[in-house]
Each structure stands twice: as structure tokens, then as C-alpha cells.
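# Results of the structural survey
These are the residues of each chain, in order.
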Amino acid sequence: MPATHLHSPAGEGLPSTLGELRTSPFASIQNRSIKDEMRGNLIVLLRSGATIFPGIVGYEDTVVPQIVNAVLSKQNFILLGLRGQAKSRILRALTALLDERTPYVAGCEIRDNPFHPLCRRCRELVAERGDATPIAYMTREERYVEKLATPDVTVADLIGDIDPIKAARGGENLASELTMHYGLLPRANRGIFAINELPDLAGKIQVALFNIMQEGDVQIKGYPVRLELDVALVFSANPEDYTARGKIVTPLKDRIGSEIRTHYPETLEEGIAITAQEAWTERDARIEIPGYMREIVEQIAFSAREDKKVDKRSGVSQRLPISTMELVISNAERRALVNREEMIVPRVSDIYAALPGITGKLELEYEGELKGADTVVKDLIATAVRKAYDKHFGEIDTQQIEMWFNLGGTVKLDDATSADAALAELSGIQGLMEKVKALGLKLSDSSPVLVGGAEFLLEGMVAHRKLSRSEEHGFSKQEKARKQETHKMEIEYEDWEKARKSRRGYN
């Protein structure tokens, strides 16, 4: 309905004929375009102080204001950004700027405006039945059409083609409008048409889109069929696509009003909020996710985006921490089920169980390929653990704990060990449980919570090379020989890196 009725209830009582429509509040939309509608409803939202795109975190001061400006300017626009930056989600959220219900000529394939029908079938129907023309309604979601661009998309897919079967059945001439099979774009009439990964479209298809944006109408199969469509065109693209797979033809790019660049979360807190919102954490048992676990999982993505062994052109999707968190919780859930525990508390060791979910979301540079995906990811996890450890235990003296291990003490924490048994073993390490209080834990807390905090402390010491840990999650003293070997490998890698850069300079 009109902008002033943006949130009015829809359902029974709506006009069912064109005559009733003319005397209803819908009469005010006779000459209003889709872009006018989006602009009007956006103005209502801005004046009310409502959130424009609920659920979109981290774009409040960057991307959202630019989209608002584009809509207020009645422009078509493109979202340009790396994978996993919520581009598709934002485009789908544009439906919030549409009326709840919009009338159209009942039975029309292109959802014609009853006041100004475009297609021949609707024009003849209105001429024949006048005010008795039946009216139907479409919802916001029905007015959003999305297409993933691929090289095999044809003009017929987007715009339409002649349907000889329809012509034969109706006895119509092939040049008649009644024989046309409309493509996606005409079917998006009076709505939003979104194309994801625009550069993947063949050049001739992009030229067809350019013509639509230039002339404001479509022509089907060379026949004299012109439809002045009312469509808001929005696009998305990955900057990598401009050089890797295709490009946006210059005339089309020139017709796109705004090029809006998206980005990854700028702070760890924003990333944590997005992951907490998107990750599936509702399980059948009670779940408690420690704050430090959220920080570590998110820090893996932040560290990967900065790591020189990870391809920055491909990016590190926000889906990485989301899927990692789900796998971490699932591994903790499996451990709780095996040990018949009622509470699920993820531990740092559960992140290593999520290794397959992380490696599949990283594109590595040549140096990373040499080291291997598993090694690179383990280094990223160690970096994330070390940064979280420094935040929570940076001022803690761990010499007493180191001494206990140096005197021959060992401890093993695996999924087969119950939380109660693990806590009993960890309590024997001198000074350990006292240090865990830095996380805000109390000795009266449940066993899974205390074990998770203690393991985090030990993993942090491993990351700082104060202790060593086996693949079976056994903690022991840090061997000096291993320290020297690690240091030697780091020096060798640095020398190799310098030599590689030097050779690259001569090229």
C-alpha cells in the first residue's frame, strides 16, 4: 500500500476489482514507480528511527548509509565485495522497503499495474471488463527475483522468447504478444531484480541489460513487442571476478548509479556478534559457550585475513567462523554424549576437531601450499589462542605450572575422559586452578566449565612454547631440543622468504 500504510495489516477486505481499487487508498499508487515506492517507504523508516536492515552487523556507518543514499536517489546499484560479506543478504533485505501488499491484474504473468497495464492480455481484459477486472495481490517476497549469473545464461532466460506451442494452441501469429514466454526480468516487473556475480554474465547479456537500463524497456526476439518495465535493478560482484573470470562491460557499468563496497567485520566484537547470530547453536542439551572460545574462533578468521600464506584476493569468508563454531559445538556435544554429561561446554581442543571445516574455506598462496593446509590452519589456531591468552592471562605468572611439568608431570585431556575425571587430574597441577580464576571462574563452577578454562590456560602456554602438547592432547614439558628445532625452522623459512622476495625483485 502507499508509504503511509507501510505496516498496515493485509488480508481480507482488500479491493477485489478494479472499480473498488479506484476508490481505495491504492488509487494513490497509479503513477508511482517501484523506485518511488522504495524511496517513500525508506523515508518513513528514517523518520521513525527504525533499523533499516535488521540483522546486518558492522555496516551501520559504512555500507548502509551508501545504500540509503542510492535508494533516495532512485538509482540502480551494485554491491562489490569479497565472498562472505553479506551481499546477497543485503539485496534480499531490500524487500523491507516495499509495500506489504501490491495489487496487480489477476492472472498476469508480469504482474501488471491495473491502472496502466503493459501486456496485450491485460489491456484487452481491462478494455472488456472495465471496473469488473479482477485484482490479485502480491507480497513483498513475491516481488523479489534473484538470478545467479553464469556464463550459460541466455537473453531468452532473462528477457523471454517465442513459445511456438502457445502459438499453436491459441492459433496466434508468432509475432503476437500472446505467444511470448516471458523471462525473469519481465516477471520481476514492479519489483526488485537482483543479479549475483554480475561479471560472470556473457558480454552480450550485459549489453542487453545496458539497453534495458538505457531505454527503460525490453524487446523480445526482434518482434515489435516493447514492455516499459518498472524494475529496480541491483547487482553484486566479487572484485576478483574482474580479472579472474570476466568483467562488467563499460556501458553497463556506467549506467549503474552507485558502486558500494562491502567489507569484513572491522572489530573482533562485530565478528563475534555476527557469528553468534548466524551459527546454529540450539541443541537438545544445555550449552554454555565461554567468551574466550568465541574470541578464539573469531580470531582465526581475523588472523587468516592478515596471514601472508592465505590468498587475500579470494578473501576469508565470514562463513569460516560460523561453520567452525558449529563444528566446535558438535564435537563438544559428541564428547558430552559419550560421557553422559548434561552440559555442553566447548574447549580449545574442539577447534582442532573442526580442522576440515576451516581448511575448506581458505585459498592458499604458494607458500601456504608448500607448508600444507593443515599446518597453516594449526598455526592460525595457535596464533588465535595466543592472542586470547594474552588478553586473559597476560599478567599471570605460570612458573609454578611450568615447574610441575618440568619435574615430569603430564596430563592427557581427550574426548574419552569425562569432565569429572579430567578435573580431578587437572586439580593435581600446582597453581593451575587458582590461575583459572582470571577468567572469572569459581572453584564451585561445574566440571565442564572448569576443565574448559584450565585447558585454555594450558593451550595458551603451548602457544607461547612454555609447554608441549601431543596430537593425542597430552600436555608435557617443552623440550629444549624441540625449541631449538622450531627456532631453526623459523630462521630457515625467513631466509627462504627473503631469497624469494629478492628473486621476485629481479623479475
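Residues numbered from 1 in each chain as written. Predicted model: local features only at pLDDT ≥ 70, side-chain atom pairs only at ≥ 80, totals over all residues. Heavy atoms only, no water.

## Here's the deal with the packing of aromatic side chains
Going through the model one piece at a time under the given rule, you end up with 5 aromatic pairs. Ring geometry for Phe-26 and Tyr-137: centres 5.7 Å apart, planes at 50 degrees, overall tilted. Placement of Phe-26 in the loop between α1 (18–22) and α2 (34–48) and of Tyr-137 in strand β3 (residues 135–139) is noted, with a sequence separation of 111 residues between them. With a centroid separation of 5.4 Å and 40 degrees between ring planes, the pair formed by Tyr-389 and Phe-393 is classed as tilted. Linking Tyr-389 with Phe-393, this pair stays in helix α18 (residues 373–393), spanning 4 residues, or about one helical turn. As far as the burial class goes, Tyr-389 and Phe-393 line up, both buried. Counting every residue linked through ring pairs, the aromatic cluster contains Tyr-292, Tyr-389, Phe-393 and Phe-456. The positively charged end of Arg-305 is found above the aromatic ring belonging to Phe-302, 5.5 Å away from the centroid. Above the plane of the ring of Tyr-352 lies Arg-469, whose end atom (NZ or CZ) is 4.6 Å from the centre. (Phe/Tyr/Trp six-rings, centres within 6.5 Å; stacked < 30°, edge-to-face > 60°. Helix = DSSP H or I, 4+ residues; strand = E, 2+ residues; numbered from the N terminus. Buried < 20%, exposed > 50% of the residue type's maximum accessible area, 1.4 Å probe, protein only. Lys NZ or Arg CZ within 6 Å of the ring centre and 35° of its normal.)

## A closer look at the confidence of the model for the protein
Averaged over the protein, the pLDDT score is 87; the fraction of residues at 70 or greater is 85%. Confidence, read as mean pLDDT per element, is least for helix α10 (residues 241–244) in the protein (51) and greatest for helix α3 (residues 63–72) (97). Note that residues 1–11 has pLDDT below 50 and, in this model, 30 contacts with residues that lie over four places away or in other chains. (pLDDT = per-residue confidence, 0-100. Contact = heavy atoms within 4.5 Å.)

## Brief notes about the nonpolar core
One finds Leu-362, Leu-426, Phe-456 and Leu-458 to be the most contacted residues of the largest nonpolar core, which totals 61 residues. Of the residues forming this core, the biggest block, 10 residues, is contributed by helix α22 (residues 447–463). Setting aside its immediate chain neighbours within four residues, Phe-456 contacts Tyr-292, Ile-296, Val-348, Val-385, Ala-388, Tyr-389, His-392, Phe-393 and Leu-439. By size, the runner-up hydrophobic cluster in this structure holds 36 residues, among which are Leu-201, Met-213, Phe-235 and Leu-252. (Core = buried A, V, L, I, M, F, W, Y, C linked by side-chain atoms within 4.5 Å.)

## Some remarks on the sheet that holds strand β16 (residues 474–477)
An order of β14-β16-β15 is seen for the 3 strands of this open sheet, with the pairing classed as antiparallel. Where the open sheet ends on each side, the last strands, each with one partner, are β14 (411–412) and β15 (467–469). Taken together, the 2 bridges between β14 and β16 define a ladder with antiparallel strand orientation. Looking across to β16, one finds that Val-411 is bridged to Phe-475. (Pairing = 2+ DSSP bridges.)

## Description of the pattern of salt bridges
Applying the stated rule across the entire model yields 26 salt bridges. A salt bridge links Glu-295 to Lys-391; its shortest N-O distance comes to 3.0 Å. With a gap of 96 residues between them, Glu-295 in helix α13 (residues 291–306) and Lys-391 in helix α18 connect regions that are remote in the sequence. Residue classification places Lys-391 among the exposed residues on the basis of a relative accessible area of 55%. Residue Lys-412 pairs with Asp-414 through a salt bridge whose shortest N-O separation is 3.9 Å. Each of the salt bridges in this network shares a partner with another, and the network as a whole consists of Arg-32, Glu-37, Asp-99 and Arg-143. (Salt bridge = Lys/Arg side-chain N within 4 Å of Asp/Glu carboxyl O.)

## Concerning the sheet that holds strand β1 (residues 77–80)
The parallel open sheet is built from 5 strands, whose spatial order is β4-β7-β10-β1-β11. Bordering the open sheet on either side are β4 (144–148) and β11 (258–261), each of which pairs with just one other strand. On average, each strand axis in the sheet is tilted by 20 degrees relative to the strand beside it, whichever way the strands run. Where β1 meets strand β10 (residues 231–237), 4 bridges bridge the pair, whose relative direction is parallel. Note on β10: the bridge partner recorded for Leu-80 is Ala-237. Together, β7 (191–196) and β10 form the strand contacts of α2, whose direction differs from that of β10 by roughly 75 degrees. Packing against the sheet, α3 makes contact with β1 and β11, and its axis sits at approximately 165 degrees to β11. (Axes fitted to C-alpha atoms, helices over the stretch in contact; angles between N-to-C directions.)

## What about the packing of helix α20 (residues 419–426) against α22?
As a packed pair, α20 and α22 sit with axes 9 Å apart at the nearest point and diverge in direction by 50 degrees. When the interaxial angle is binned, α20 and α22 end up oblique. Our pair here, α20 against α22, has a crossing hand that is left-handed. Every residue of α22 that contacts α20 at Ala-419, Asp-420, Ala-422, Leu-423 and Leu-426 is listed here: Ser-447, Pro-448, Leu-450, Val-451, Ala-454 and Leu-458. Broken down by class, the residue content of the contact of α20 with α22 amounts to 9 nonpolar, 1 polar and 1 charged. (Parallel < 35°, antiparallel > 145°, perpendicular 65-115°, else oblique. Left-handed = near helix turned anticlockwise from the far one by under 90°. Nonpolar A, V, L, I, M, F, W, Y, C, P; charged D, E, K, R; others polar.)

## Digging into the packing of α18 against α22
Packing of α18 against α22 leaves a shortest axis separation of 8 Å and a crossing angle of 115 degrees. The hand of the α18/α22 crossing is left-handed. Counting all contacts with α18, which are made through Ala-382, Val-385, Arg-386, Ala-388, Tyr-389, His-392 and Phe-393, the residues of α22 involved are Phe-456, Leu-457, Glu-459, Gly-460, Met-461 and Ala-463. In terms of residue class, the contact of α18 with α22 is built from 9 nonpolar, 2 polar and 2 charged.

## Quick notes on the pairing of β7
Counting buried positions along β7 yields 6 of 6 residues, so the element is predominantly enclosed. In this sheet, β7 lies alongside β4 in parallel orientation, the contact comprising 5 bridges. By the bridge assignment for β7, Lys-147 is matched with Ile-195. Sheet topology places β7 next to β10; 5 bridges connect them, and they run parallel. Its bridge partner lying in β10, Phe-193 is registered against Leu-233.

## Structural notes on α18
For α18, built from 21 residues, the straight-helix expectation of 30 Å at 1.5 Å per residue is met to within 8% by its first-to-last C-alpha distance of 29 Å. Of the residues making up α18, those classed as buried are Val-376, Val-377, Leu-380, Ile-381, Ala-384, Val-385, Ala-388, Tyr-389 and Phe-393. Buried residues along α18 sit in contact with α13, α15 (349–353), α16 (355–359), α17 (366–371), α21 (432–435) and α22. (Expected span 1.5 Å × (residues − 1).)

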